[in-house]
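Listed below, chain by chain, are the residues.
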Amino acid sequence: MPRALLIVLDSVGIGGAEDAAAYGDAGADTLGHIAEACAAGRGDQAGLREGPLRLPHLTALGLGLACKASTGRMPPNLAPQGPLKGAWGYGVETSKGKDTPSGHWEIAGVPVTFDWGYFPNTVPTFPEELTAALVERGNLPGILGNKHASGTAVIDEFGAEHMRTGEPIFYTSVDSVLQIAAHEETFGLERLYDLCRIGRELCDAYKIGRVIARPFVGSPEAGFKRTGNRKDFATPPPADTILDRLTKAGRSVVTVGKIGDIFAHRSTGREIKPNGNDACLSAAIEAMRDLADGGFVFANLVDFDSEFGHRRDIPGYAAALEAFDRRIPEIEAALKDGDLVVITADHGNDPSWRGSDHTREHVPILSFGSGVRQGAIGRRESFADIGASVLVHLGVRHSGKGASWL
């Protein structure tokens, strides 16, 4: 029986979304702008990388062609230099929002048709009754932050006061999210997780998609740094995803990175959660080598988004893309005859864009494997076409959203 590997390059959008203006993102183009910046020398960083963006393996899979189909422009240095090795196209998001659950749920066959709740960009941002309940139930002396903020900046701003007072740092963004930052050692990691569980329960009334624990370490003197112990407490999808369908069909499912958190740990099989893109990709490749016939590996590589997109770090983002590209031969080596690999994204996060939030964009869809017909799969009118194609490839009945290109 065939197997499948689905890799989400978190935030690697390719511009062009027709409704981007409604989100304040008209003209955003994560991959295109990174390639343009690198070609102009703005992607150079001593000891990290320099020169044009180099993605030879992704380009051979049709990445540049997907970008051109999405925006009408071929990004610098991404035109294919030889025969293509896979099928390529781009996906259009139909879900409301431009955040992680919306993108991943739609990929898995459940577009978000309802309106998420959001916290206003005011100070304070959170409703008083919500923070009062969190203070009481969490036995807290109070809270800090209580505003829209960048995750690294808010820790720099309030980290010292947090350590002095024991008050955790609460913040949000344009996404449907409540984030709570606390020091792993002085506040306690498990205590932070418990506080986020309380927040998850209380945020249901506000239709908030995720409550995220953001632990950090360090000191006011040496500086603060977030750790890899982030944990997302998400509301579950409102209908069966491809993970549910595969689990009910008795198929082996392995989820890597924050996939388990995104799907509220429902039908997420064996969960592996290393820290960082390289470790997550290594875990996905190893899982693929050992995967039973008919099985499915679903991986998220979050560093593109969390480490480089939100931080508006063009050289770092470019280097991360090049690092992933170099490992595509390892993915190919782990495949058996009949296996399918799909590489895609869940939204954009243009590091050249204003602010520090996600951007509403199309996403690339690249697929390869011994049985994949090479060439264009065109514009896919929903991310759900990805999940539908995975199910069709694995021989599991598809009755949900999306249309397979296979």
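Scoring rules and cut-offs
Residues numbered from 1 in each chain as written. Predicted model: local features only at pLDDT ≥ 70, side-chain atom pairs only at ≥ 80, totals over all residues. Heavy atoms only, no water. Helix = DSSP H or I, 4+ residues; strand = E, 2+ residues; numbered from the N terminus. Rg over C-alpha atoms; globule rule 2.2 N^0.38 Å. Buried < 20%, exposed > 50% of the residue type's maximum accessible area, 1.4 Å probe, protein only. Areas by Shrake-Rupley, 256 points an atom, 1.4 Å probe, with all protein chains shown as cover. Lys, Arg positive; Asp, Glu negative; His and termini not counted. Charge placed at Lys NZ, Arg CZ, Asp CG, Glu CD. Contact = heavy atoms within 4.5 Å. Pairing = 2+ DSSP bridges. Axes fitted to C-alpha atoms, helices over the stretch in contact; angles between N-to-C directions. Parallel < 35°, antiparallel > 145°, perpendicular 65-115°, else oblique. Nonpolar A, V, L, I, M, F, W, Y, C, P; charged D, E, K, R; others polar. Salt bridge = Lys/Arg side-chain N within 4 Å of Asp/Glu carboxyl O. Core = buried A, V, L, I, M, F, W, Y, C linked by side-chain atoms within 4.5 Å. Right-handed = clockwise from strand over helix to strand, strands pointing away.

Let's talk about the overall build of the chain
Part 1: Along the chain, the regular secondary structure elements total 14 helices and 14 strands.
Part 2: Its C-alpha radius of gyration of 21 Å places the chain within 12% of the 22 Å reference for a compact globule of 406 residues.
Part 3: With respect to the principal axes defined by its C-alpha atoms, the chain has extents near 60 × 50 × 40 Å.
Part 4: In the chain, which comprises 406 residues, the proportion classed as buried is 59%.
Part 5: As displayed, the chain has an accessible area near 15200 Å², and 50% of this comes from carbon and sulfur atoms.
Part 6: Separation between the mean location of the 42 positive side-chain charges and that of the 52 negative ones in the chain comes to 4 Å.

Notes on the environment of Ile-272
Part 1: Relative to the helices and strands, Ile-272 is located in strand 10 (residues 270-272).
Part 2: Considering only alpha carbons, one finds Ile-272 and Ala-287, 15 residues apart in sequence, at a separation of 9.3 Å.
Part 3: In this view, Ile-272 contacts Val-254, Thr-255, Val-256, Gly-257 and Ala-283; residues no more than four positions away in its chain are not counted.

Quick word on the pairing of strand 13 (residues 363-368)
Moving residue by residue along a regular strand, the side chains alternate between the two faces of the sheet.
Part 1: Where burial is concerned, most of strand 13 is hidden: six out of the six residues are buried.
Part 2: Of the two faces of strand 13, the one holding Val-363, Ile-365 and Ser-367 and the one holding Pro-364, Leu-366 and Phe-368 are both buried throughout.
Part 3: Of the strand pairs in this sheet, strand 2 (residues 87-91) and strand 13 are connected by five bridges, and their pairing is antiparallel. Bridging from a neighbouring strand, Tyr-90 pairs with Pro-364 of strand 13.
Part 4: The sheet contact formed by strand 12 (residues 340-344) and strand 13 spans three bridges and is antiparallel. Across the sheet, the residue bridging to Ile-343 is Leu-366, located in strand 13.

With respect to the packing of helix 1 (residues 30-39) against helix 12 (residues 314-326)
Part 1: Interaxial distance between helix 1 and helix 12 falls to 10 Å at its minimum, and their mutual angle equals 105°. The orientation of helix 1 relative to helix 12 falls into the category roughly perpendicular. Residues Thr-30, Leu-31, Ile-34, Ala-37 and Cys-38 of helix 1 form the contact with helix 12, whose own contacting residues are Ile-314, Tyr-317, Ala-318 and Leu-321.
Part 2: Tallied by class, residues from the contact of helix 1 with helix 12 come to eight nonpolar, one polar and no charged.

With respect to the pattern of salt bridges
Part 1: In the structure shown here, the tally under the stated rule is 26 salt bridges.
Part 2: Put simply, Asp-25 and Lys-98 hold a salt bridge, and the shortest N to O gap is 2.7 Å. Separated by 73 residues along the polypeptide, Asp-25 in the loop between strand 1 (4-9) and helix 1 and Lys-98 in the loop between strand 2 and helix 4 (100-107) bring together distant segments of the chain. The two residues Asp-25 and Lys-98 agree in class, both being buried.
Part 3: Between Arg-327 and Glu-330 there is a salt bridge, with the nearest N and O atoms lying 3.1 Å from each other.
Part 4: A residue is classified by how much of its surface remains accessible, and Arg-327, at 13% relative accessible area, is buried.
Part 5: The class for Glu-330 is partly exposed, based on a relative accessible area of 33%.

Section: the sheet that holds strand 13
Think of a sheet as strands paired side by side through backbone hydrogen bonds, with each pair either parallel or antiparallel.
Part 1: With mixed pairing, the eight strands of this open sheet are ordered in space as 10-9-11-1-12-13-2-14. Two strands in the sheet have a free side with no partner beyond their single neighbour: strand 10 and strand 14 (375-380). Strand after strand, the sheet turns through a mean of 15° between neighbouring axes, direction not considered.
Part 2: Sitting on the sheet, helix 10 (residues 277-290) touches strand 1, strand 9 (253-256), strand 10 and strand 11 (296-301), and the angle it makes with strand 11 is about 175°.

Re the nonpolar core
Where a protein is soluble and globular, its nonpolar side chains tend to be buried together.
Part 1: The biggest cluster of nonpolar side chains holds 80 residues, and the ones touching the most others in it are Leu-53, Phe-296 and Phe-324.
Part 2: Of the residues forming this core, the biggest block, seven residues, is contributed by helix 10.
Part 3: Apart from residues no more than four positions distant in its own chain, Phe-324 is found in contact with Ile-7, Leu-9, Leu-58, Leu-281, Leu-301, Phe-304, Ile-331 and Ile-343.
Part 4: Counting residues in each nonpolar core, the second largest holds 24 residues, with Cys-196, Leu-202, Ala-213 and Phe-233 among its members.

Comments concerning unusual backbone geometry
Part 1: Looking along the chain, the bond that leaves Val-123 and enters Pro-124 is cis, with omega of 0°.
Part 2: Turning to its location among the elements, Pro-124 is positioned in the loop between helix 4 and helix 5 (128-137).
Part 3: Not every positive phi belongs to a glycine, and Asn-139 is a case in point at roughly 55°.
Part 4: Of note, Asn-139 is situated in the loop between helix 5 and strand 3 (144-148).
Part 5: Of the residues examined, Asn-139 reaches a relative accessible area of 66% and is grouped as exposed.
Part 6: Even without being a glycine, His-265 presents a positive backbone phi close to 60°.
Part 7: Structurally, His-265 can be placed in the loop between helix 9 (259-262) and strand 10.

With respect to the pairing of strand 6 (residues 210-219)
Part 1: Most of strand 6 sits out of view: eight of its 10 residues are buried.
Part 2: Handedness of the crossover is the feature at issue here: the chain leaves strand 5 (residues 177-183), passes through helix 7 (residues 184-203), returns alongside strand 6, and the resulting connection is right-handed.
Part 3: Bridge analysis of strand 6 against strand 8 (residues 231-234) gives four bridges, and the strand direction is antiparallel. Following the sheet pairing, Arg-210 is matched in strand 8 by Ala-234.
Part 4: Inspection of the sheet shows strand 6 paired to strand 7 (residues 223-226) by four bridges, in the antiparallel sense. The residue bridging Gly-218 from the neighbouring strand is Phe-224, located in strand 7.
Part 5: The loop that links strand 6 with its antiparallel partner strand 7 comprises three residues.

Functional significance is not addressed by these values, which are geometric in nature.
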